[in-house]
Amino acid sequence: MVEREGTGGGPGERPAMPQEEAEISPPYRFRRQQRPGLEAEMEVRPRYLAPHYRGSGKLAGKVALITGGDSGIGRSVAVLYAREGADVAIVHLPGEEPDAQEARQAVEDEGRVCLLLPGDLCDPSFCADAVERTVAELGGLNVLVSNAAYLNSQNDLSDLNAEDFDRVFKTNVYAYFHLVTAALPHLSHGDAVIATASEEALKGSDMMMDYAASKAAVVAFTKSIASHLAERGIRANVVSPGPTWTVLNLAGQRFPDSYLRELGSTSPMGRVAQPEEVAPAYVYLASDADSSFTVGEMIAVTGGLTDTR
């Protein structure tokens, strides 16, 4: 595995190397974890601080609610939103508290307020409460990012069961629905709803059957509600990341070791994405100045994985 340091630079300094050369490449070192998993305990930590990224006030005065913002892509999105001037509320499972505290510190280091909301998104009442607490404690809601996900892997169709299938859809799809309905009274012109899908939603997956199906539902639901939200001046869009280095891949999964060591190696980039490489797409979709005419679209950040067969 290639690991590179010294890729940042202070304000106004030229980065030491291009972003794509700064990231790690396979084979990756890893330790498997039990669910829900902690980024803090990963052998090779994901990169989320995005030292190349310079904020410009695109989200000044905004409030964002990010589910799964304690780690992975969600954490990097929270950091970049804060760097762009937004206060951030982060939804996380109670067992992810150490990661959530690190995420909060990273947001506060950017000079913004971070509200932690521990709970289970499978509970519709918690979804509603997360929205109401965000509005009450941060003064409003402008950007909803439905990013938290439950991932199962299967090596054979016999590994698929109804209990896991139900949990995947409740976390990945039903929670998104409940969050949107709860947030709608608080969103207005210029605001945004952003969902996280996956490249698996585009092509299916023989190792993540229920996960791929749930992410396809996320894409279809977003496209279905986009025109209705657009009538209110609210933009709804999707980001579909390719393989990304997060704890989600390591916690409670059946993936073969060989798959995890070489994750993303079949893409033209030859490696996984780091969260900091995916997060700028969420800034674009949250910024009315950048994406005011982008509605019902899906941005695929896949490292060139364009084959959807």
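Relevant structure appears above.
Engineer: Account for the packing of helix 2 (residues 72-83) against helix 9 (residues 275-286), naming residues and giving values.
Structural biologist: The relative placement of two packed helices is expressed as an angle between their axes plus a distance between the axes. In the contact formed by helix 2 and helix 9, the axes pass within 8 Å of each other and the chain directions differ by 55 degrees. On the basis of their axis angle, the class for helix 2 and helix 9 is oblique. Here helix 2 runs over helix 9; the crossing is right-handed. Of helix 9, the residues touching helix 2 (which contributes Gly72, Ile73, Ser76, Val77, Leu80 and Tyr81) are Pro275, Glu276, Val278, Ala279, Pro280, Tyr282, Val283 and Ala286. By residue class, the composition of the contact of helix 2 with helix 9 is 11 nonpolar, two polar and one charged.

Engineer: I'd like to hear about helix 5 (residues 162-183), residue by residue, with values.
Structural biologist: Over its 22 residues, helix 5 runs 30 Å from end to end, which matches the ideal 32 Å to within 8%, given 1.5 Å per residue. At Lys170, helix 5 is bent by approximately 40 degrees, the largest bend along its length. Near the N-terminus of helix 5, the side chain that reaches the backbone nitrogen of Glu163, with its oxygen 3.2 Å away, is that of Asn161.

Engineer: Provide a residue-level description of the packing of helix 2 against helix 3 (residues 97-109), including the pertinent values.
Structural biologist: Taken N-terminus to C-terminus, the directions of helix 2 and helix 3 make an angle of 20 degrees; their axes are 9 Å apart at the nearest point. The orientation of helix 2 with respect to helix 3, classified from their angle, is roughly parallel. Where helix 2 crosses over helix 3, the handedness of that crossing is right-handed. The residues of helix 3 that touch helix 2, namely those facing Arg75, Ala78, Val79 and Ala82, are Asp99, Glu102, Ala103, Ala106 and Val107. When its residues are assigned to classes, the contact of helix 2 with helix 3 shows six nonpolar, no polar and three charged.

Engineer: Please give an account of the pattern of salt bridges that cites residues and values.
Structural biologist: The tally for this structure, following the rule as stated, stands at 16 salt bridges. With its nearest N and O atoms 3.1 Å apart, the salt bridge here joins Glu102 to Arg75. Here Glu102 is found in helix 3, whereas its partner Arg75 is found in helix 2, with 27 residues between them in sequence. Judged by its relative accessible area of 25%, Glu102 falls in the partly exposed class. Here Glu137 ties to Arg133 by a salt bridge, and the two come within 3.0 Å at their closest N and O atoms. Taken together, the positions of Glu137 and Arg133, both in helix 4 (residues 124-138) and four residues apart, correspond to about one turn of that helix. With a relative accessible area of 47%, Glu137 lands in the partly exposed category.

Engineer: Before we move on, could you go through the packing of aromatic side chains and cite the residues and values that matter?
Structural biologist: Per the counting criterion, the structure on display carries five aromatic pairs. Taking 4.9 Å as the distance between ring centres and 20 degrees as the angle between the ring planes, the aromatic pair formed by Phe165 and Phe169 counts as stacked. Residue Phe165 and its partner Phe169 are located together in helix 5, separated by four residues, close to a single helical turn. Residue class for Phe165 comes out partly exposed when judged on its relative accessible area of 35%. According to the relative accessible area criterion, Phe169 is buried, its value standing at 18%.

Engineer: Residues and numbers for the side chain of Ser205, please.
Structural biologist: Tracing the sequence through the fold places Ser205 in the loop between helix 6 (200-203) and helix 7 (209-230). Looking at Ser205, the relative accessible area reads 15%, which means it is buried. At a separation of 3.2 Å, a polar atom in the side chain of Ser205 contacts the main-chain amide nitrogen of Met207. At 2.9 Å, the side chain of Ser205 forms a polar contact with the backbone nitrogen of Met208. Setting aside residues up to four positions removed in sequence, Ser205 forms contacts with Glu200 and Ala212.

Engineer: Give a description of the pairing of strand 1 (residues 63-67) that names residues and reports values.
Structural biologist: Of all five residues that make up strand 1, five are buried, and the element is covered over most of its length. A two-sided burial pattern is seen for strand 1, the buried positions comprising Val63, Leu65 and Thr67 on one face and Ala64 and Ile66 on the other. The parallel pair strand 1 and strand 2 (residues 87-92), bridged by helix 2, forms a crossover whose chirality is right-handed. Examined bridge by bridge, strand 1 and strand 4 (residues 143-146) share three bridges and lie parallel to one another. Counterpart to Ile66 in the pairing with strand 4 is Val145.

Engineer: Let's hear about the state of the cysteines: which residues, and what values?
Structural biologist: Counting across every chain of the model gives zero disulfides. The thiol of Cys127 is unpaired, and the distance to the nearest cysteine sulfur, on Cys122, comes to 8.2 Å. Note on Cys127: relative accessible area 0%, which makes it buried.

Engineer: Run through the environment of Thr244, naming residues and quoting values.
Structural biologist: Within the element layout of this structure, Thr244 appears in the loop between strand 6 (235-241) and helix 8 (257-261). Taking the C-alpha atoms as reference points, Thr244 and Glu277, 33 residues apart in sequence, are found 9.3 Å from one another. Residues in contact with Thr244, not counting those within four places in the same chain, are Ile73, Asn249, Leu263, Val272, Ala273, Gln274, Pro275 and Val278. Within polar-contact distance, the side chain of Thr244 engages the backbone oxygen of Gly242 at 2.8 Å.

Conventions used here
Residues numbered from 1 in each chain as written. Predicted model: local features only at pLDDT ≥ 70, side-chain atom pairs only at ≥ 80, totals over all residues. Heavy atoms only, no water. Axes fitted to C-alpha atoms, helices over the stretch in contact; angles between N-to-C directions. Helix = DSSP H or I, 4+ residues; strand = E, 2+ residues; numbered from the N terminus. Parallel < 35°, antiparallel > 145°, perpendicular 65-115°, else oblique. Left-handed = near helix turned anticlockwise from the far one by under 90°. Contact = heavy atoms within 4.5 Å. Nonpolar A, V, L, I, M, F, W, Y, C, P; charged D, E, K, R; others polar. Expected span 1.5 Å × (residues − 1). Bend = angle between axes of the 7 residues up to and from the residue. Polar contact = N/O pair within 3.5 Å; in protein donor to acceptor, adjacent residues only side chain to side chain. Salt bridge = Lys/Arg side-chain N within 4 Å of Asp/Glu carboxyl O. Buried < 20%, exposed > 50% of the residue type's maximum accessible area, 1.4 Å probe, protein only. Phe/Tyr/Trp six-rings, centres within 6.5 Å; stacked < 30°, edge-to-face > 60°. Right-handed = clockwise from strand over helix to strand, strands pointing away. Pairing = 2+ DSSP bridges. Disulfide = S-S within 2.5 Å.

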